[in-house]
Amino acid sequence: MKRDFLAVEDWSRADVESLLSLAARVKRGEIDGGLERKVLAMVFLDPSLRTRTSFETGMFLHGGHAVVLEPGKGSWALETEDGVVMDRDTVEHVTEAARVLGRYADALAVRAFPRGSDWATARQDAILAQFARHCEKPVINLESSRRHPCQELADAFTLREQLGETRGKRFVLTWAWHPKALPSAVPVSAALAAARMGMDVTIAAPPGCDLDPEDVGCIEALASEAGGGSVTVDHDQAAAIEGADAVYAKSWGPVSLYGQPEAQRAWFDQHRTWRLTDGLMRSTRGGRGIAMHCLPVRRNVEIDDAVLDGPQSVVVDEAENRLHVQRALLLTMIGSRR
Ligand code: CP
């Protein structure tokens, strides 16, 4: 029976700990090879810098090979609806694409951001689910509507690396203004990572900037399972960040306004001042709290230059850690020495 990696919480706490331990050994240079003659097929329905490059590099470093497909740009435009008459622009159905890639590769990785104008539909992550259903090999989520599990692993790894003991420390996920509404997979995954680490999580956002209630429930459940962790919501950014050990800046669109661009714009325009500034970072614990972001980041929109270029920023370490946790993930999922 194959085992997919679609959401970190689908794996047991022991399995996640073992991935993080292996990632630390990988980062220390203790693991050579293990993916010889293995192939990873990656399907990107949306753009990427870090995810694509870190997976390609990870496969290469352990002796394997990665194939990257961008449907509609060099590979056939994919149809993702079931039961449709394919007499328009799409040429290949996801059913055959997933089955065929599963015959060539040892694992299949897919990026598919939310599509359409209805959150109730988008939150089902139907494209990822179709790939997982039709591919006979393990499927890895490279960011879907609901989760970015590889980023979540890297964020958990980075929190531990930077803070040492994470239990009882304060993690603030702060909303930031952005010219367009972004998906909520990263902020949810970041909060899940901190909750898993037993941190006190504060979600700082303007009133009405709701995340999917079921996702908030998952964050609360992980915090409680970790023992001692907590989740609170604060509408005052400065008060929330004061004394924090880690501040994760990220924009997302309120799920209640999903698919309503005009209402989103009107709502966003009321909250233009929400930005991670040097002054806010100086108010963190001892003035030394870490500043996190998954990247790409819009400078001086989400986070100021002074923060990104200053000593508290760990955004590039987070990006580097994507490589190490994914090498551990690949070795665990398809490695020859499992
Ligand atoms: N953080 C992240 O997933 O980066 P990319 O979108 O560049 O892959």
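1. Let's talk about the overall build of the protein
Okay, step 1: A tally of regular secondary structure across the protein gives 13 helices and 11 strands.
Okay, step 2: The principal-axis extents of the C-alpha atoms in the protein amount to approximately 55 × 50 × 35 Å.
Okay, step 3: Residue burial in the protein is summarised as follows: out of 338 residues, 56% are buried.
Okay, step 4: For the protein, the proportion of contacts with a sequence separation of at least 24, taken over those separated by at least 6, is 81%.
Okay, step 5: Accessible surface computed for the protein: about 14500 Å², of which carbon and sulfur atoms make up 50%.

2. So, the nonpolar core
Okay, step 1: Grouped together as the largest cluster of nonpolar side chains are 88 residues, with contacts concentrated most on Phe5, Leu40, Ile140, Leu159, Phe171, Trp175 and Leu276.
Okay, step 2: When residues of this core are sorted by domain, at least three fall in each of domain 1 (8-147 + 322-334) and domain 2 (151-318).
Okay, step 3: With near-sequence residues (within four places) excluded, Ile140 lies in contact with Phe5, Leu40, Phe55, Leu108, Ala109, Val110, Cys150, Leu329, Leu330 and Met333.
Okay, step 4: With 17 residues, the next largest nonpolar core counts Val43, Ile127, Ala132 and Val139 among its residues.

3. Digging into the pairing of strand β2 (residues 65-69)
Okay, step 1: With 5 bridges joining them, strand β1 (residues 39-44) and β2 adopt parallel strand pairing. By the bridge assignment, Val43 is partnered in β2 with Leu69.
Okay, step 2: Traced from β1 through helix α2 (residues 50-61) to β2, the parallel crossover comes out right-handed.

4. A short note on the sheet that holds strand β11 (residues 290-292)
Okay, step 1: Strand order in the open sheet made by the 5 strands is β9-β8-β7-β10-β11, with parallel pairing throughout. Pairing within the sheet leaves two strands with one partner each, and these edge strands are β9 (230-234) and β11. With strand direction ignored, the average angle separating the axes of adjacent strands in the sheet is 20°.
Okay, step 2: With 5 bridges joining them, strand β7 (residues 170-175) and strand β8 (residues 200-204) adopt parallel strand pairing. Its bridge partner lying in β8, Arg170 is registered against Asp200.

5. Observations concerning the pairing of β9
Okay, step 1: Here 5 bridges tie β8 to β9, and the two strands are oriented parallel to one another. Residue pairing across strands places Thr202 opposite Thr232, the latter belonging to β9.
Okay, step 2: Following the chain from β8 across helix α8 (residues 213-226) to the adjacent parallel β9, one finds a crossover that is right-handed.

6. Re the environment of Ala107
Okay, step 1: Note that Ala107 resides in strand β5 (residues 107-111).
Okay, step 2: Among the residues examined, Ala107 registers a relative accessible area of 1% and is labelled buried.
Okay, step 3: Considered as a pair, Ala107 and Glu165 are 58 residues apart in the sequence and their alpha carbons are 34 Å apart.
Okay, step 4: The contacts of Ala107, once residues within four sequence positions are left out, are Val39, Leu40, Ala41, Lys137, Pro138 and Ile334.

7. Here's the deal with the domain arrangement of the protein
Okay, step 1: Each domain of the protein was delimited in the assignment, giving domain 1 (8-147 + 322-334) and domain 2 (151-318).
Okay, step 2: The gap between the C-alpha centroids of domain 1 and domain 2 is 25 Å.
Okay, step 3: Taken together, the contacts link 26 residues of domain 1 with 31 residues of domain 2.
Okay, step 4: Across the domain 1 to domain 2 interface the summed buried area is about 2500 Å²; carbon plus sulfur atoms make up 54%.
Okay, step 5: The tally of links between domain 1 and domain 2 comes to 8 salt bridges.

8. Here we look at the packing of α2 against helix α13 (residues 315-334)
Okay, step 1: Following both chains from N to C, one finds α2 and α13 inclined at 50°, their axes separated by 9 Å at the closest point. On the basis of the axis angle, α2 is oblique to α13. Between α2 and α13 lies a crossing of right-handed hand. Facing α2, whose interface residues are Arg50, Thr51, Ser54, Phe55, Thr57, Gly58, Met59 and Leu61, α13 presents Ala319, Arg322, Leu323, Gln326, Arg327, Leu330 and Ile334.

9. Some thoughts on the side chain of Gln312
Okay, step 1: With respect to the helices, strands and loops of the structure, Gln312 is situated in the loop between α12 (305-308) and α13.
Okay, step 2: The class of Gln312 is buried, set by a relative accessible area of 13%.
Okay, step 3: Engagement of the side chain of Gln312 in a polar contact is seen with the side chain of Thr284, the distance being 3.4 Å.
Okay, step 4: Side-chain polar atoms of Gln312 contact the backbone oxygen of Gly287, separated by 3.2 Å.
Okay, step 5: Discounting residues that sit within four places of it in the chain, Gln312 has contacts with Met281, Thr284, Gly287, Arg288, Gly289, Ile290 and Ala291.

10. Concerning the site of the ligand
Okay, step 1: In the region of the ligand, the neighbouring residues are Ser48, Leu49, Arg50, Thr51, Arg111, His148, Gln151, Cys294, Leu295 and Arg322.
Okay, step 2: Note that an oxygen atom of the ligand is positioned 2.7 Å from one of the backbone N or O atoms of Leu49.
Okay, step 3: At a separation of 2.6 Å, an oxygen atom of the ligand approaches a polar side-chain atom of Thr51.
Okay, step 4: Along the lines of polarity and charge, the residues of the shell around the ligand split into 3 nonpolar, 4 polar and 3 charged.
Okay, step 5: Two domains each donate at least three residues to the shell around the ligand, and these are domain 1 (8-147 + 322-334) and domain 2 (151-318).

Cut-offs used in this document
- For every chain, the first residue of the written sequence is number 1, and numbering continues from 1 onward in sequence order.
- Reporting in this predicted model follows two pLDDT cut-offs: at least 70 for local features of residues, and 80 or more for side-chain atom pairs to be given and counted; totals over whole chains, interfaces and linings ignore these cut-offs and use all residues.
- Side-chain measures were taken over the full set of non-hydrogen atoms in the model, leaving aside hydrogen atoms and water.
- Helix and strand assignments come from DSSP, with helices taken as H or I runs of at least 4 residues and strands as E runs of at least 2, each series counted from the N terminus.
- Buried, partly exposed and exposed residues are distinguished by accessible area as a fraction of the type maximum, computed with a 1.4 Å probe on protein chains only: under 20%, between the cut-offs, and over 50%, respectively.
- In this analysis, two residues are considered to be in contact whenever any of their non-hydrogen atoms come within 4.5 Å of each other.
- Computed with the Shrake-Rupley method and a 1.4 Å probe, the accessible areas treat only the protein chains shown as cover for residues.
- What is meant by a nonpolar core is a set of buried Ala, Val, Leu, Ile, Met, Phe, Trp, Tyr and Cys residues, joined one to another through side-chain atoms within 4.5 Å.
- Domain ranges listed in this record stem from an automatic or a database domain assignment.
- Strand pairing follows a simple DSSP-based rule, namely that at least 2 bridges must link the two strands.
- Seen with its strands pointing away from the viewer, a crossover is right-handed if its path from the first strand over the helix to the second goes clockwise.
- What counts as an axis is a line fitted to C-alpha atoms, over the stretch in contact for a helix, and the angles between N-to-C directions run from 0 to 180 degrees.
- In short, buried area is how much 1.4 Å probe accessible area vanishes from two parts on joining, totalled over both.
- Any carboxyl oxygen of Asp or Glu within 4 Å of a side-chain nitrogen of Lys or Arg constitutes a salt bridge here.
- Note on terminology: angles under 35 degrees are roughly parallel, angles over 145 are roughly antiparallel, angles of 65 to 115 are roughly perpendicular, and the others are oblique.
- By definition, any crossing whose near helix is turned counterclockwise from its far helix by less than a right angle is left-handed, and any crossing with a clockwise turn is right-handed.
- In protein, a polar contact requires one atom able to donate a hydrogen and another able to accept it; more generally it is a pair of N or O atoms within 3.5 Å, and residues adjacent in sequence count only if both atoms are side-chain atoms.
- By convention in these notes, a residue is near a molecule or strand provided one of its non-hydrogen atoms lies within 4 Å of it.
- Residues were grouped as follows: Ala, Val, Leu, Ile, Met, Phe, Trp, Tyr, Cys and Pro as nonpolar; Asp, Glu, Lys and Arg as charged; and all remaining residues, including Gly, as polar.

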